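So the chains spell out like this:
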Amino acid sequence: MFNRLKSLFSGSGSGYQGSSATAGKGRSIGKIVVVVVVLYLLVTIILGMIWSSEPDTFSVREHTRTLANDMGREPVTGFATTATMIRVAETLLDKPGGYISNDIFPPGLWMDNTPAWEYGVLVQLRDLSRAMRQTISRSQSQSAEDPDLTVAEPQFHFDSESWALPSTEGEYRRGIRALESYLNRLSDPQRPEAQFYARADNLNSWLADLETRLGSLSRTLSESVGKPEVTEALAGIQNDDPLVDEEPTSDVKTPWLEIDDVFYEARGTSWALLHIFRAIEVDFRKVLADKNAQASVRQIIIELEESQAQMWSPVILNGSGFGILANHSLTMAAYLARANSAITDLRELLSQG
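The rules behind these values
- Residues numbered from 1 in each chain as written.
- Predicted model: local features only at pLDDT ≥ 70, side-chain atom pairs only at ≥ 80, totals over all residues.
- Heavy atoms only, no water.
- Helix = DSSP H or I, 4+ residues; strand = E, 2+ residues; numbered from the N terminus.
- Contact = heavy atoms within 4.5 Å.
- Areas by Shrake-Rupley, 256 points an atom, 1.4 Å probe, with all protein chains shown as cover.
- Salt bridge = Lys/Arg side-chain N within 4 Å of Asp/Glu carboxyl O.
- Buried < 20%, exposed > 50% of the residue type's maximum accessible area, 1.4 Å probe, protein only.
- Axes fitted to C-alpha atoms, helices over the stretch in contact; angles between N-to-C directions.
- Parallel < 35°, antiparallel > 145°, perpendicular 65-115°, else oblique.
- Left-handed = near helix turned anticlockwise from the far one by under 90°.
- Nonpolar A, V, L, I, M, F, W, Y, C, P; charged D, E, K, R; others polar.
- Core = buried A, V, L, I, M, F, W, Y, C linked by side-chain atoms within 4.5 Å.
- Arc of directions from axis to C-beta.
- Polar contact = N/O pair within 3.5 Å; in protein donor to acceptor, adjacent residues only side chain to side chain.
- Phe/Tyr/Trp six-rings, centres within 6.5 Å; stacked < 30°, edge-to-face > 60°.
- 1 Å grid on protein atoms, 1.4 Å probe; cavity = no way out; pocket = protein on both sides within 12 Å on 5 of 7 lines; lining within 4 Å.
- Points joined across faces, edges and corners; volume = space filled by probe spheres on them.

Draft legend 1. How the structure looks around the overall build of the protein chain. Helix and strand content of the protein chain: 12 helices and 2 strands. Going residue by residue from the N terminus, the α and β elements of the protein chain occur as α-α-α-α-α-α-α-β-α-β-α-α-α-α. Put simply, of all contacts in the protein chain between residues at least 6 apart along the chain, 76% involve residues at least 24 apart. As presented, the protein chain carries roughly 19,600 Å² of accessible surface, and 56% of it is formed by carbon and sulfur atoms.

Shown next, in the form of structure tokens:
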């Protein structure tokens, strides 16, 4: 009887010890999982902070001289603009964190400011590559398109958020290689089929598209605080009685969650344009001198340089127009509006005989 009770209690003790061991093992695994998750979040947060830093500006003239020397070529007309496009596109893909707009894993998945910056740069690459394909590389409307530019232009118009099959980065790098091939032929005196016509009408055509881009972007920036807008339906109404009160206008305001995205799209746009105009100052220098338009280009560059000033605030502030807090969107809108005004002056000068 005693032995039977002993064996019974002995079996119960063994079961209890097994349950305790299993529970302790489960708690250990849970702690490991928590530690791994915390470390993963910490690493992604640090990477997100690093990847959020904007690329520095670079000297277009120095980069053009260095690249020409490396290639053993003379920096012919169009060399600076093409080399700058290549450098801007490479920066878009090779900056800290690489290209983020199509990321499907953290921290890129959580970031929205950097993808907005990338989109601003990308739009300018698309517009300029289209202008080079359609007008700048052709002597007249009946001329054949450059074979490399016919590849580069659609590549930069590829879906900016494609992760794989094919990837956005792969398609954009194909566009970069096409630009490199065009630059190689352009600077090769033995291959005169590649051309870059730095004419006033070609520059004016691209500036016309840019003028509408900046006008729309500066307006969207200024809508960060909300502003009244006359609707199309009310704009055409003619009231015979001038003493009758006018119809109320509708208020337009950028959604709160989109304010920082619009701001960083403008930062990316102005970053790309700053380098493009520095290249235009080199390649179109004869046309600008003939039209007395150097001052207008220089003014555009100054405004774009100011738009790239160091951001000291960790967040995009959206104070009222005359309030205590700053409004970064309105500040950026002011720089872009002044640059756009200088572009209008430049177009007028280029249109003169």
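Picking up after the structure, the text goes on.
Draft legend 2. Representation of the pattern of salt bridges within the structure. Evaluated as defined, the whole model comprises 18 salt bridges. With a shortest N-O distance of 2.6 Å, Asp146 and Arg185 are connected by a salt bridge. With a gap of 39 residues between them, Asp146 in the loop between helix 4 (113-136) and helix 5 (147-156) and Arg185 in helix 6 (residues 168-186) connect regions that are remote in the sequence. Each member of the pair Asp146 and Arg185 is classed as buried. For Glu305, the salt bridge goes to Arg278, with nearest N and O atoms at 3.0 Å. Highlighted residues: Glu305 in helix 11 (residues 294-307) and Arg278 in helix 9 (residues 259-283), separated in sequence by 27 residues.

Draft legend 3. Spatial organisation of the packing of helix 3 (residues 79-94) against helix 9. Remark: helix 3 packs on helix 9, axes separated minimally by 8 Å, with the N-to-C direction vectors making an angle of 165°. Our classification of the angle between helix 3 and helix 9 gives roughly antiparallel. For helix 3 against helix 9, the interelement crossing comes out right-handed. Side by side, helix 3 and helix 9 meet where Phe79, Ala80, Thr81, Thr84, Val88 and Thr91 of the first sit next to Trp271, Ala272, His275, Ile276, Ala279, Ile280, Val282 and Asp283 of the second. Considered class by class, the residues forming the contact of helix 3 with helix 9 number 9 nonpolar, 4 polar and 1 charged.

Draft legend 4. Structural detail: unusual backbone geometry. Residues Leu165 and Pro166 are joined by a peptide bond in cis, for which omega reads -10°. Examined against the element boundaries, Leu165 turns out to sit in the loop between helix 5 and helix 6.

Draft legend 5. Quick look at the nonpolar core. Core analysis: the biggest nonpolar cluster contains 74 residues, and Trp206, Leu207 and Phe277 have the highest contact counts within it. For this core, the element with the most residues is helix 9, which contributes 14 residues. Aside from chain neighbours lying at most four places away, what touches Phe277 is Trp206, Leu207, Leu210, Val297, Ile300, Ile301, Leu304 and Ile343.

Draft legend 6. View of helix 5. Asp148, Leu149, Ala152, Glu153, Gln155 and Phe156 are the residues of helix 5 that are buried. Viewed along the axis of helix 5, the buried residues span an arc of 165°, placing them on a single side of the element. Looking at the buried positions of helix 5, the neighbouring elements they touch are helix 3, helix 4 and helix 6. The N-cap residue of helix 5 is Asp146: its side-chain oxygen and the backbone nitrogen of Asp148 are 3.0 Å apart.

Draft legend 7. Structural detail: the packing of aromatic side chains. Per the stated rule, a full pass over the model turns up 7 aromatic pairs. On the basis of an interplanar angle of 55° and a centroid distance of 5.3 Å, the ring pair of Trp117 and Trp271 is categorised as tilted. Linking Trp117 in helix 4 with Trp271 in helix 9, this pair joins segments that are 154 residues apart in sequence. Looking at Trp117, the relative accessible area reads 2%, which means it is buried. Residue Trp271 is classed as buried on the basis of its relative accessible area, which comes to 0%. Note on Phe263 and Tyr264: the rings are 5.4 Å apart at their centroids and 85° apart in plane angle, and the pair reads as edge-to-face.

Draft legend 8. Structural detail: empty space enclosed by the protein. Summed over the entire model, instances satisfying the criterion amount to 1 cavity of 30 Å³ or more. Space inside the largest cavity adds up to approximately 40 Å³. When residues of the lining of the largest cavity are traced back to their parent elements, those giving at least two are helix 4 and helix 7 (200-222). The leading source of residues in the lining of the largest cavity is helix 7, at 3 residues. Looking at side-chain class alone, the lining of the largest cavity contains 7 nonpolar, 2 polar and no charged residues.

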